[in-house]
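Report on the structure
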Amino acid sequence: MKVVTAYEGSWAHVCLTGRLDGEWAEHLSDILDEVLRDGLRSVVLDLAEVDYISSPGTQMLARRYEDFTALRGELRVASPSPVVQRALTAVGIFDKLILPPDDTRATRPR
């Protein structure tokens, strides 16, 4: 898994490439903690290049979505790959997490 984090003013853009399995789900959770410690409460995850997501991966996303919501923040997913879209839909969190394509944060930072 490759993870690139870019701070864009008041929010962070986290781009993932590869497999989001249990080990990487923990790593991503740690990255989200770091973003929160840096004072940002809005994160967009670009999952267009994620070719596999495990149950621990979807569970972590659901848990962290609730964490961000409790802090009056937001955790959203931009450009989910078909694999990610199916997995998030299967566990019932796709509609909560998906960022509308017309949202300017859906574009990858340069």
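The structure reproduced in this document is the subject of the present report. (Residues numbered from 1 in each chain as written. Predicted model: local features only at pLDDT ≥ 70, side-chain atom pairs only at ≥ 80, totals over all residues. Heavy atoms only, no water.)

**Quick look at the packing of aromatic side chains**
When we look at a pair of aromatic rings, we describe it by the centre distance and by the angle of the planes. This structure, assessed with the given rule, holds zero aromatic pairs. Sitting over the ring of Tyr52, Arg19 keeps its end group 4.1 Å from the ring centre. (Phe/Tyr/Trp six-rings, centres within 6.5 Å; stacked < 30°, edge-to-face > 60°. Lys NZ or Arg CZ within 6 Å of the ring centre and 35° of its normal.)

**Comments concerning unusual backbone geometry**
For Arg72, which is not glycine, the phi dihedral falls at a positive 60°. Summarising the element assignment, Arg72 is placed in the loop between helix 2 (55–70) and strand 4 (74–78). Judged by relative accessible area, which is 81%, Arg72 ranks as exposed. Of note, Ser79 is a non-glycine position whose phi angle comes to about 50°, a positive value. In this structure, Ser79 sits in the loop between strand 4 and helix 3 (82–90). In this structure Ser79 comes out as partly exposed when scored by relative accessible area, which is 36%. (Helix = DSSP H or I, 4+ residues; strand = E, 2+ residues; numbered from the N terminus. Buried < 20%, exposed > 50% of the residue type's maximum accessible area, 1.4 Å probe, protein only.)

**Regarding the pairing of strand 4**
Within strand 4, four of the five residues are buried, which leaves it mostly tucked inside the rest of the structure. Sheet topology note: the strand 3 (residues 42–53)/strand 4 ladder contains five bridges and is parallel. Paired with Ser42 across the strands is Glu74, a residue of strand 4. In terms of handedness, the path from strand 3 via helix 2 over to strand 4 forms a crossover that is right-handed. (Pairing = 2+ DSSP bridges. Right-handed = clockwise from strand over helix to strand, strands pointing away.)

**Notes on the sheet that holds strand 2 (residues 11–20)**
Whenever strands of a sheet pair, they do so through backbone hydrogen bonds, lying parallel or antiparallel. As summarised here, the arrangement of the four strands in space is 1-2-3-4, forming an open sheet in which the pairing is mixed. Strands with a single pairing partner mark the edges of an open sheet, and in this sheet they are strand 1 (2–8) and strand 4. If you compare each strand with its neighbour and ignore which way they point, the axes differ by 20° on average. Both strand 2 and strand 3 contribute to a ladder of eight bridges, which runs parallel. Note that in strand 3 the partner of Ala12 across the bridge is Val43. Across the face of the sheet, helix 1 (residues 22–37) comes into contact with strand 1, strand 2, strand 3 and strand 4 while running at roughly 175° to strand 2. Helix-sheet contacts for helix 2 involve strand 2, strand 3 and strand 4, and the interaxial angle to strand 3 is about 170°. (Axes fitted to C-alpha atoms, helices over the stretch in contact; angles between N-to-C directions. Contact = heavy atoms within 4.5 Å.)

In short, geometric facts, not functional conclusions.
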